[in-house]
Amino acid sequence: MNTLLRLLALIKKELYAILSDPKSRKIVVLPVLIQGVILPLAATLEVKNAALGVRNEDAGGASVELVQRLGASAAFTRIIPLRDEREVASALDAQEALAVVGFPADFSKRLDTMDPAPIQVLLDGRRSNSGQIAAAYIAEISAGYFAERAGAKGVRGGVEPPVVSHRYNPNLDYTWFVLPSIVAIILTVSSLILTGLSVAREREQGTYEQLLVSPLTPGMIMVGKGASAFVVGMAQSTVVILLAVFVYGVPMHGSLALLYAAAALYFVTLAGFGLLISSVCMTQQQAFLGAFAFMMPAILLSGFATPVENMPEWLQFLNEANPIRHYIVILRGIFLKDASAAFVLRHAAPLFLIAACTITLASVFFRRRMG
Amino acid sequence: MSEPAVILEGVSKGFAGLSRPALTALSGRIQAGMISGVVGPDGAGKTTLLRLMAGLLKPDAGGVRVFGRDPAEEAGPLRMQVGYMPQKFALYEDLTVLENLALHADLRAVTGADRERAFARLLEFTDLNRFTRRMAGKLSGGMKQKLGLACSLLGRPRLLLLDEPGVGVDPISRRELWAMVQQLAREGIAVVWSTAYLEEAESCDEVLLLNEGRLLFDGKPGAFTARLGARSLHLRGLAGCRRRALRRVLKFPEVSDGVIQGRSVRVILREGAKAPDPAGVDDADGSPYWVPVEPRFEDAFIDLLGGGPGGGSRLAERMRARAPTGDTLIEAESLTKRFGDFAATDRVSFSVKQGEIFGLLGPNGAGKSTTFKMMCGLLTPTAGRARVMGLDLQRSAGRARQRLGYMAQKFSLYGNLSVRGNLEFFSGIYGLHGARQRAAIASMLEAFHLEPFLEVRTDSLSPGFKQRLALACAVMHEPDILFLDEPTSGVDPVTRREFWSHINGVVERGVTVMVTTHFMDEAEYCDRIGLVYRGRLVAMAPPDELKAAAATDARPDPTMEDAFIELIRRHDSP
């Protein structure tokens, strides 16, 4: 009881310190606004109004019709006819075209005889993300065309070509994809910065010693600092979740309880990192740099913008230790497809492990740094 | 007399966000060929005044003339004539002594053969020849100030502005600095030496005494102390407790101020008052008697401010009395702390009994705070043991620390919380809540006169009130042991007396106090003091014994500083 009251005094002080100081208030409020408003607009993952190169050696009508269909889609508003290999290379090289589609000379003939008719798709590897999306569009449009032709001819026994439909995000609306990740990023930034700076700030101001000579144990100080940052982090996440659902119209299919439970677990993991950084840094500046040194690669590797599956295997393996990577999977799962508790638990298991490690390390260093 | 180096006419200067101006309508003169002291407690406006003379600030009103020019408008021609040594050294800690000198020489365009000659002269003058390749950051406090002085002397200035050169300097180096500056004054330089140590004022040729931005006195220090006449007295022959004697003496209406000096009580009588009958002051069977003594600068200062704060302590009155047990509560056993090859604390041993005031006395950087932090469990000793109540505080449970009060050297409360916020937080983490918490906070507000500032952000309090609040936060939970690290640094002499009234009061209640100070005169309040010098405990005894041990034929009645210097001399050359 007494311990709890002492802890409450500490939490109250921490919250007051975060919210009463204009500077730290800015750190709490601004990122939420900036990331919540600007990131969904800027981090577009759609391919729109791109240019498509076409190298057509086929004399038949099928290739022409398919090219028209490609050109009619919202993805490709400009078709660049290319005469030879040299032009293909220069179109991609100068980034005039995002992708080039090549039709072999016997394309129409093969289609007529129901032989497999391959199309070549060349992508700009420098824009691999948009390139992949473009390739998917091309595959989808041509598959639709093939299916139509097969249907029109009434081919017996013809294989029904696959029709791609994106479940969970049928219209491939990128905000659906981005906003759940932003919840993760905001929680990451605020938990790391708040916990990371809190001890360093006290060290800088000389108040840390005053805490250490008090009856508070290092464990209680850790819990107090973590708890106050937790309150702030949850409030920030709530704002972004509300933004996502009510402003950007992202469907919230899953259970809110699961969402917050996952956020709480994720927060503890990150607070472990933050307190670890804090316990080895003497100044706020060091802590800030330390937090960023962790945050930048962790966010980049998280699958927030680039698919984890495209990374080299050894990096994917290392990435298992990256808490954001797991959390984003959970968030997208809950938001977009009403993930089951079992799904969440399976992806939360690594988080439990990481949290256990960071919290243990942080408490060891917390004690050690007293000397 | 020749034309003054500096003329100040009605100078005022304020800063945004401060409730009162840093300087108000100040007029005065700085003469060439002498040391002018700018004297006053912290926050009196000394640094502002020096920066105005250096041309770094412009006055809001009034005029500053240095050698007939306006230092802010005509910085160019004055730059070579004015040397300024800021309070925080204008040294680059990662550069060597020589590189620092070279940098300052470049800034002042001292080049070629002139530079060689100037370096040779200044290194000789400051006795830094042996250390030219040492990093400035690794110099002792005294050597840093000498290097700072050397840098400010490049280009042969005619006016030398020294902002608190005596801070962080051991008494021996301080005397060396004084000797250097006196020589410079003899060469015709106008020297301005600012200081918060009132006893340094007595060594100046002229004094500008500042308090809260106002000029209290301008003239020779002797003229200032002479105002007191024969009103400074010692009460000697006390056999009983001198702290209780002081409290009783301060109750006499004739007495305006009193402090403890060793076995005696030093008092100032009010103007026109006669010394009261000392019978009944002593609580043992001594026979106290008055002896007139030479007045000090500080006596006159306190008298001018209307006397001391009285001897009562509302803080002690509300504390419960602890039965005397005679136990040893604090113990250091050849305590050592090394940082690399530098021993900040070197084999220090002492013990403190319940109800005692034990003081560690020494200049800044001598190792007091390091020793202190090891005692409180904030630093791990390299060797030796630190025990409080028989426990190592670094490993002990929170329950042991509950009995402890700690006041750090640097102000260490939460600046962005209000006074109330800090009091609530510290009482809260010490387990006070509900009615007990409210009562404790109310009595702290009363004891330390903090009510008017209840909702004020702690950052914007004056230094004196910050320290009061820090002490309040350290004692709110009624600790049995108080660790006070430089509790009175940055505090004016009147508030210092108030602090000591509280400390004396709580010790009367059986609280044990360990305190560090670099004010030599404050050591007199302690039951026993340890002299700390370059990490070593040079001597340990009651203040009077230390002074008696250092007495020589030439100086039969040494001050604490004399004693310190004498004991260090003996320690260095046994």
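As the structure is a computational prediction, the values presented were derived from the model and not from experiment.

**Points about the interface of chain A and chain B**
Then step 1. The interface of chain A with chain B comprises 27 residues on the first partner and 27 residues on the second.
Then step 2. Carbon and sulfur atoms supply 57% of the area buried between chain A and chain B, which totals about 2500 Å² over both sides.
Then step 3. The interface formed by chain A and chain B holds two salt bridges in total.
Then step 4. Applying the counting criterion to the chain A and chain B interface returns 12 residue pairs in polar contact (both at pLDDT 80 or more).
Then step 5. Where the side of chain A that touches chain B is concerned, the elements lending two or more residues are α1 (2–20), α7 (174–205) and α8 (207–212) of chain A.
Then step 6. Considering every element that reaches the side of chain A that touches chain B, the biggest residue donor is α1 of chain A, with 10 residues.

**Quick word on the sheet that holds strand β12 (residues 264–269) of chain B**
All names here are of chain B.
Then step 1. Here we have four strands laid out as an open sheet, ordered β11-β12-β10-β13, and antiparallel in their pairing. Two strands bound the open sheet, and with one partner strand each, they are β11 (255–261) and β13 (289–292). Across the sheet, the mean angle from the axis of one strand to that of its neighbour is 30 degrees, orientation sign disregarded.
Then step 2. Direction of pairing for β11 relative to β12: antiparallel, over a ladder of six bridges.

**Remarks on the side chain of D163 of chain B**
Residue and element names in this part refer to chain B.
Then step 1. Topologically, D163 is positioned in strand β6 (residues 159–163).
Then step 2. A distance of 2.8 Å separates a polar atom in the side chain of D163 from a polar atom in the side chain of S194.
Then step 3. Leave out the neighbours within four places in its chain, and D163 touches T47, L50, Y84, M85, P86, Q87 and S194.

**Considering the domain arrangement of chain A**
Then step 1. You can read the domains of chain A as domain 1 (9–43 + 170–370) and domain 2 (50–152).
Then step 2. Here the C-alpha centroids of domain 1 of chain A and domain 2 of chain A sit 44 Å apart.

**A look at empty space enclosed by the protein**
Then step 1. Considering all chains together, one arrives at six cavities of 30 Å³ or more under this definition.
Then step 2. There is about 110 Å³ of room inside the largest cavity.
Then step 3. Forming the boundary of the largest cavity are 13 residues, of which V259, E298, R496, D521 and Y525 of chain B lie nearest the centre.
Then step 4. Counting residues per element, the ones that place at least two in the lining of the largest cavity are β11 and α17 (493–508) of chain B.
Then step 5. Per-class residue counts for the lining of the largest cavity are five nonpolar, one polar and seven charged.
Then step 6. Looking at the second largest cavity, its volume works out to about 80 Å³.
Then step 7. Looking at the second largest cavity, the residues that line it are K13, E14, A17, S198, R201, E202, Q205 and K225 of chain A together with Y414 and N416 of chain B.
Then step 8. Going through the elements one at a time, α1 and α7 of chain A are the ones with two or more residues in the lining of the second largest cavity.
Then step 9. Broken down by element, the residue count for the lining of the second largest cavity peaks at four residues, all from α7 of chain A.

**Structural notes on the sheet that holds strand β7 (residues 190–195) of chain B**
Residue and element names in this part refer to chain B.
Then step 1. The strand order β5-β6-β7-β3-β8-β9 describes an open sheet built from six strands, whose pairing is mixed. With partners counted over all chains shown, the strands left at the sheet margins are β5 (82–85) and β9 (214–219), one partner each. On average, adjacent strands in this sheet sit at an angle of 15 degrees to one another, irrespective of strand direction.
Then step 2. In terms of strand pairing, strand β3 (residues 35–39) meets β7 through five bridges, oriented parallel. Considered in β7, the bridge of S36 is made with V192.
Then step 3. Sitting on the sheet, helix α5 (residues 141–152) is in contact with β5 and β6, with an inclination near 160 degrees to β5.

About the cut-offs
Residues numbered from 1 in each chain as written. Chains lettered and ligands numbered in written order. Predicted model: local features only at pLDDT ≥ 70, side-chain atom pairs only at ≥ 80, totals over all residues. Heavy atoms only, no water. Contact = heavy atoms within 4.5 Å. Buried area = accessible area lost by both parts, 1.4 Å probe. Salt bridge = Lys/Arg side-chain N within 4 Å of Asp/Glu carboxyl O. Polar contact = N/O pair within 3.5 Å; in protein donor to acceptor, adjacent residues only side chain to side chain. Helix = DSSP H or I, 4+ residues; strand = E, 2+ residues; numbered from the N terminus. Pairing = 2+ DSSP bridges. Axes fitted to C-alpha atoms, helices over the stretch in contact; angles between N-to-C directions. Domains from an automatic or database assignment. 1 Å grid on protein atoms, 1.4 Å probe; cavity = no way out; pocket = protein on both sides within 12 Å on 5 of 7 lines; lining within 4 Å. Points joined across faces, edges and corners; volume = space filled by probe spheres on them. Nonpolar A, V, L, I, M, F, W, Y, C, P; charged D, E, K, R; others polar.

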